[in-house]
Amino acid sequence: MDQAMVQRYLQDIIDLETRMKIAANTYNRLTLVEESQRLTLKSEAVKTSISWGKIWKKIIIIGYLLAVVSAGIVFQLLGEPNDTQEILLALGAVAVLGILAAFFIGNAKMEQNQKYCEDVIEMKKRKEQAGAVLAQIQFSKSQLKETYKKCQLNLQKLYELNVITPKYRELVPCAMFLEYLSTGRTHSLEAVQGDMGAYNLYEDELYKKIIINKLDQVLENQKLLYQELRKINTNVEQLCGSVERIESSVNQIRKNTQISAWCNMVTAVNTSVIRRIQEEYYKFYR
């Protein structure tokens, strides 16, 4: 058995399995962010600013009503005026009171409308920002979905070469097999001439419950698995962060290139795998 070829085969599987998980986990995380942005767009009601003409009409009417009411109160308190001068003085005082009241009320209304307009502007910015983030998320998700499908297709082609028993066709056992082979714990997948073989080693450690796929519990003989699990977590955080950072600034929304760059990198990995398959690099197992 060509051990170097088996290790290359396992590495290809690990590369594709890892990147499939990164794409899937990132896609799911972005879906949560997408729902959040949709709620933002839905909850921000579209408002229009109040017409200044309508405001002043209301102020004049309020002032007029206050003047009339004040005049009634003044005449009631002072009694019937005796001459025209007293009437004019009373009306003047009432008018001043009405104007002052209208001024203070109008000022309060203007401040209220100014705050209202500021809120509308801020709301529009939030809607614009949510729309931009939503568009970027949808574009990124489409890239991730396409990348996932390509990895899945090529992974299936690798598995169909029947190098690995169907039972072990996933990331954790393949990572452990490569660990066993690369560290010299075994020299083949199956048991041969006193060599326990990767399958039996894996089953033995699985039975003893020392195959751990959690980052905080990984063992000394699982360094490769640890690296792959850590790679998944790190890449998901970085890729999601590249989209979430768009939310931090309305004025600096730019096309996110990090996910595109990652997808292009995965395309290169897929291309290498396809080339090895087409060149019958693993023809020993055909």
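Higher on the page you've got the structure.
Residues numbered from 1 in each chain as written. Predicted model: local features only at pLDDT ≥ 70, side-chain atom pairs only at ≥ 80, totals over all residues. Heavy atoms only, no water.

Undergrad: Please clarify how the overall build of the protein should be interpreted in this entry.
TA: Tallying secondary structure elements over the protein gives seven helices and zero strands in all. Ordered by position in the sequence, the α and β elements of the protein form the string α-α-α-α-α-α-α. Sorting the 286 residues of the protein into buried and exposed places 37% on the buried side. Of all intrachain contacts in the protein linking residues separated by at least 6 positions in sequence, the fraction that spans at least 24 positions is 75%. (Helix = DSSP H or I, 4+ residues; strand = E, 2+ residues; numbered from the N terminus. Buried < 20%, exposed > 50% of the residue type's maximum accessible area, 1.4 Å probe, protein only. Contact = heavy atoms within 4.5 Å.)

Undergrad: In this structure, what is going on with unusual backbone geometry? I would like to understand it.
TA: Apart from glycine, the bulk of residues carry a negative phi angle, and the bulk of peptide bonds sit in the trans form. Here the phi dihedral of asparagine 162 falls at roughly 60°; this positive angle occurs in a residue that is not glycine. Along the chain, the position of asparagine 162 falls in the loop between helix H3 (84-159) and helix H4 (171-182). Positive phi values are uncommon outside glycine, yet glutamine 193 reaches one of about 45°. Turning to its location among the elements, glutamine 193 is positioned in the loop between H4 and helix H5 (197-207). Judged by relative accessible area, glutamine 193 falls into the exposed class, the value being 85%.

Undergrad: Is there a simple way to explain the packing of H4 against H5 in this structure?
TA: The description of two helices packed together rests on the angle between their axes and the distance between the axes. Following both chains from N to C, one finds H4 and H5 inclined at 115°, their axes separated by 10 Å at the closest point. Read as a crossing pair, H4 and H5 show a hand that is right-handed. Contact with H4, carried on its side by Val172, Pro173, Met176, Phe177 and Tyr180, involves Ala198, Tyr199, Leu201, Tyr202 and Glu205 of H5 and no other residues of that element. Among the residues forming the contact of H4 with H5, the class breakdown is nine nonpolar, no polar and one charged. (Axes fitted to C-alpha atoms, helices over the stretch in contact; angles between N-to-C directions. Left-handed = near helix turned anticlockwise from the far one by under 90°. Nonpolar A, V, L, I, M, F, W, Y, C, P; charged D, E, K, R; others polar.)

Undergrad: Hey, could you run me through helix H7 (residues 258-278) in this one?
TA: Since there are 3.6 residues in each turn of an α-helix, residues three or four apart along the chain are aligned in direction. Its 21 residues place the ends of H7 30 Å apart at the C-alpha level, agreeing with the 30 Å of an ideal helix rising 1.5 Å per residue. Within the sequence span of H7, burial applies to Ile259, Ser260, Trp262, Cys263, Val266, Val269, Asn270, Val273, Arg276 and Ile277. Backbone geometry just downstream of H7 places glutamate 280 in the positive-phi region, at approximately 55°. (Expected span 1.5 Å × (residues − 1).)

Undergrad: Sorry, what's going on with the nonpolar core here?
TA: One broad trend across soluble globular proteins is that nonpolar side chains are buried collectively. Ranked by size, the top nonpolar core spans 52 residues in total, and within it Tyr9, Leu158, Ile164, Phe177 and Leu189 carry the most contacts. In terms of residues, this core owes the most to one element, helix H1 (residues 3-43), which gives twelve residues. Excluding residues within four positions of it along the chain, tyrosine 9 makes contact with Leu158, Tyr159, Leu161, Val163, Ile164 and Tyr282. (Core = buried A, V, L, I, M, F, W, Y, C linked by side-chain atoms within 4.5 Å.)

Undergrad: Please clarify how H4 should be interpreted in this entry.
TA: Taking 1.5 Å of rise per residue, the twelve residues of H4 would be expected to cover 16 Å, and the 16 Å separating its terminal C-alpha atoms lies within 8% of that figure. Burial analysis of H4 places eleven of its twelve residues in the buried class, the great majority of the element. Among the residues making up H4, those that are buried are Leu171, Val172, Pro173, Cys174, Ala175, Met176, Phe177, Leu178, Glu179, Tyr180 and Leu181.

Undergrad: How should I be thinking about the state of the cysteines in this particular structure?
TA: Two cysteines, two sulfur atoms, one covalent bond between them: this is a disulfide. Enumeration over the complete set of coordinates arrives at zero disulfides. Unpaired in terms of disulfides, cysteine 151 finds its nearest cysteine sulfur in cysteine 263, a separation of 9.0 Å. (Disulfide = S-S within 2.5 Å.)

Undergrad: Any chance you could explain the side chain of glutamate 205 here in plain terms?
TA: Looking at the element boundaries, glutamate 205 is found in helix H5. In this structure glutamate 205 comes out as buried when scored by relative accessible area, which is 3%. Here arginine 185 takes part through its side chain, which lies 2.9 Å from a polar atom of the side chain of glutamate 205. (Polar contact = N/O pair within 3.5 Å; in protein donor to acceptor, adjacent residues only side chain to side chain.)

Undergrad: What am I meant to see in the packing of aromatic side chains here?
TA: Enumeration according to the criterion identifies five aromatic pairs in this entry. Aromatic side chains tyrosine 168 and tyrosine 199 sit 4.8 Å apart centroid to centroid with 20° between the ring planes, which places their arrangement in the stacked category. Linking tyrosine 168 in the loop between H3 and H4 with tyrosine 199 in helix H5, this pair joins segments that are 31 residues apart in sequence. Both residues of the pair, tyrosine 168 and tyrosine 199, belong to the buried class. (Phe/Tyr/Trp six-rings, centres within 6.5 Å; stacked < 30°, edge-to-face > 60°.)

Undergrad: For this particular structure, what's the right way to read the environment of alanine 198?
TA: Locating alanine 198 in the fold gives a position in helix H5. Each C-alpha atom of the pair alanine 198 and phenylalanine 177 lies 5.5 Å from the other, and the pair is 21 residues apart in sequence. Not counting residues up to four positions away in its chain, the partners in contact with alanine 198 are Phe177, Tyr180, Thr186, Ser188 and Leu189.

Undergrad: Hey, could you run me through the pattern of salt bridges in this one?
TA: Where charged atoms of side chains with opposite charge meet at close range, the side chains can pair. Taken as a whole and assessed by the stated rule, the structure comprises nine salt bridges. Aspartate 15 is the salt-bridge partner of arginine 8, the closest N and O atoms lying 3.9 Å from each other. The class of arginine 8 is partly exposed, set by a relative accessible area of 27%. Overall, the relative accessible area of 12% leaves aspartate 15 in the buried class. One salt bridge connects arginine 185 with glutamate 205, and the closest N-O pair in it is separated by 2.9 Å. Here arginine 185 is found in the loop between H4 and H5, whereas its partner glutamate 205 is found in helix H5, with 20 residues between them in sequence. Arginine 185 gets classed as partly exposed once you look at its relative accessible area, which sits at 37%. Salt bridges here are not isolated pairs; linked through shared partners, they connect Arg8, Asp12, Asp15, Arg19 and Arg276. (Salt bridge = Lys/Arg side-chain N within 4 Å of Asp/Glu carboxyl O.)

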